[in-house]
Amino acid sequence: MSDTIQSRLLDEIAAREADLVRLTQDLVRIPTLNPPGRCYREICDFLAARLKAGGFHVDLVRAAGARADSDAHPRWNLVARHDGGRPGECVHFNSHHDVVEVGHGWTTDPFGAELKDGRIYGRGTCDMKGGLAASVIAAEAFIATCPDYRGAIEISATADEESGGYGGVAFLAEQGWFAPDRVQHVIIPEPLGKDRICLGHRGVWWAEIETMGRIAHGSMPFLGDSAIRHMSAVLEEMERTLYPLLAGKHTAMPVVPEGARQSTLNINSIHGGEPEQDAGYTGLPAPCVADRCRIVIDRRFLIEEDLSEVKAEVAKMLEGIKATRPQFDYEIRDLFEVIPSMTDEDAPVVTTVQAAIEKVLHRQADFVVSPGTYDQKHIDRIGRLKNCIAYGPGILDLAHQPDEWVGVQDMIDSAKVMALTLRELLG
Ligand SMILES: [Zn+2]
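Just so it is clear, the model here is predicted, and its values are computed rather than measured.

Conventions adopted
Residues numbered from 1 in each chain as written. Predicted model: local features only at pLDDT ≥ 70, side-chain atom pairs only at ≥ 80, totals over all residues. Axes fitted to C-alpha atoms, helices over the stretch in contact; angles between N-to-C directions. Helix = DSSP H or I, 4+ residues; strand = E, 2+ residues; numbered from the N terminus. Parallel < 35°, antiparallel > 145°, perpendicular 65-115°, else oblique. Left-handed = near helix turned anticlockwise from the far one by under 90°. Contact = placed C-beta atoms within 7 Å. Nonpolar A, V, L, I, M, F, W, Y, C, P; charged D, E, K, R; others polar. Buried ≥ 20, exposed ≤ 12 C-beta atoms within 10 Å, placed from the backbone. Core = buried A, V, L, I, M, F, W, Y, C linked by C-beta atoms within 7 Å. Domains from an automatic or database assignment.

Enquirer: When you look at the packing of helix 6 (residues 227-247) against helix 7 (residues 307-324) in this model, what are you seeing that I'm missing?
Expert: When two helices pack together, you describe them by how their axes are tilted relative to each other and by the distance separating the axes. Interaxial distance between helix 6 and helix 7 falls to 10 Å at its minimum, and their mutual angle equals 135 degrees. Taken together, the axis directions place helix 6 and helix 7 in an arrangement best described as oblique. Pair helix 6 / helix 7 crosses with right-handed handedness. Listed contacts from helix 7 to A233, V234, E237, T241, L242 and L245 of helix 6 are E313, M317, L318 and I321. Of the residues in the contact of helix 6 with helix 7, the class split is seven nonpolar, one polar and two charged.

Pasting the structure below:
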């Protein structure tokens, strides 16, 4: 890489700082709340106008018929493409445009995008409109510096990542937008930190376990059969055998935080017996033996584990209880599953971003893996594209919190890393 072009590119980014701040603020001020999925068309139209002015070809894609898509809240996505005019590969930046609910505890306007002491505050600043803006600035600066580059640049802004991505990346992947013959490198600017490369994520299995009983008068429980007592046997067995088993399973994946470098299980909810009444109800509960009890489990698994083994562990535990506990009966239903994803450390997008981080920040990049999943799962499994990472500005811990913010210098540095990555892959 010629040093003059590299320094011109870095100067171009630095000169666009005010534009980057303004773009981030404009994006944050469009309240794309999910659920229910507000202003999706508005944010796509806003980005379409900007990118068309920069010479991008823009497609707006509605995920018609996808989960949560409706006429009241249509799931709109944007895919913009810029061709350099010479044959080469395509680098795709994918950001989700939805944000989670505001919640309590804010001291700034969640959709005001106030700039204070080098930080922009607001819902979605860090997760992930700051990353989206950084990728737009990086692409525009690169195109201005190297107009006759090889290949193509794509920028997408997609719906519903916060609720599984079915109306966003999953839909686009099913339609072939991430097919390996049209996209070769994917960078997802999620807020993993400007000096970290996220290679992938652990797997997920959600299931509902229900125990059965028989209803009777609470004064004569021996005439019924309590589903709650059966469930307590399940919970006891989990404590006795399942949690110790999971604590012993460790991964070579560099998951952060380190507590997530093992298999984990959360019990999301428990419901049994009479349904809870509305807050205004002033009566007493009725005396009944619970005939149903349900829990939802959230099992996070490792790349070293197989989903069928993960399910078999729980099935074996339940069958063991059934064999020894009189009248015990249960059902188990799958709710949701995601296979772990991890890009190789020597994949081209990884080594290129790694070298760019060293040039911009003068330090070694850290490789990390996310404890929870993000849209990489759909690009990997549906799109069959393995050359994919998450890389973007922001502090992950601030995501979904009150007074969420993104640092302007972090966005500038990340944009520089993204621009040098484009220069290396397409220059
Ligand atoms: Zn996100």
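Enquirer: Is there a simple way to think about unusual backbone geometry in this case?
Expert: Negative phi characterises most residues that are not glycine, and trans characterises most peptide bonds. Cis rather than trans, the peptide bond between N34 and P35 has omega equal to -10 degrees. Relative to the assigned elements, P35 resides in the loop between helix 2 (17-28) and helix 3 (40-53). The omega torsion of the bond from P35 to P36 falls at 10 degrees, within 30 degrees of zero and hence cis. Counting through the fold element by element, P36 comes out in the loop between helix 2 and helix 3. Positive phi is not limited to glycine here, since A68 has a value of about 80 degrees. Inspection of the secondary structure puts A68 in the loop between strand 1 (57-62) and strand 2 (76-83). Its 18 C-beta neighbours within 10 Å are what place A68 among the partly exposed residues. With a phi close to 50 degrees, D117 is a non-glycine residue in the positive phi region. Within the fold, D117 resides in the loop between strand 4 (115-116) and strand 5 (119-121). Assessed through the 8 C-beta atoms surrounding it within 10 Å, D117 is described here as exposed.

Enquirer: In this structure, what is going on with the nonpolar core? I would like to understand it.
Expert: Grouped together as the largest cluster of nonpolar side chains are 97 residues, with contacts concentrated most on I137, A138, I389, A415, A419 and L422. The leading source of residues in this core is helix 4 (residues 125-145), at twelve residues. With near-sequence residues (within four places) excluded, A415 lies in contact with I13, L20, A134, I137 and A138. Grouped together as the second largest cluster of nonpolar side chains are twelve residues, I209, V234, A290 and C293 included.

Enquirer: Sorry if this is basic, but what is going on with the domain arrangement of the protein chain here?
Expert: When the parts of a complex come together, some accessible area is lost, and that lost area is often taken as the interface size. As assigned here, the protein chain comprises domain 1 (3-201 + 340-426) and domain 2 (203-272 + 285-338). Taken together, the contacts link eight residues of domain 1 with twelve residues of domain 2. Among the elements that make up the side of domain 1 that touches domain 2, the one with the highest residue count is strand 14 (residues 366-370) (three residues). Looking at side-chain class alone, the side of domain 1 that touches domain 2 contains six nonpolar, one polar and one charged residues.

Enquirer: Just checking my understanding: could you explain the packing of helix 1 (residues 3-15) against helix 10 (residues 408-426) for this structure?
Expert: Where helix 1 meets helix 10, the axes come as close as 10 Å, and the angle between the chain directions of the two elements is 145 degrees. Between helix 1 and helix 10 the crossing geometry is right-handed. Taken together, the residues of helix 10 that come into contact with helix 1 (itself represented by I5, Q6, L9, L10, I13 and A14) are I412, A415, K416, A419, L420 and R423. Taken together, the residues of the contact of helix 1 with helix 10 break down into nine nonpolar, one polar and two charged.

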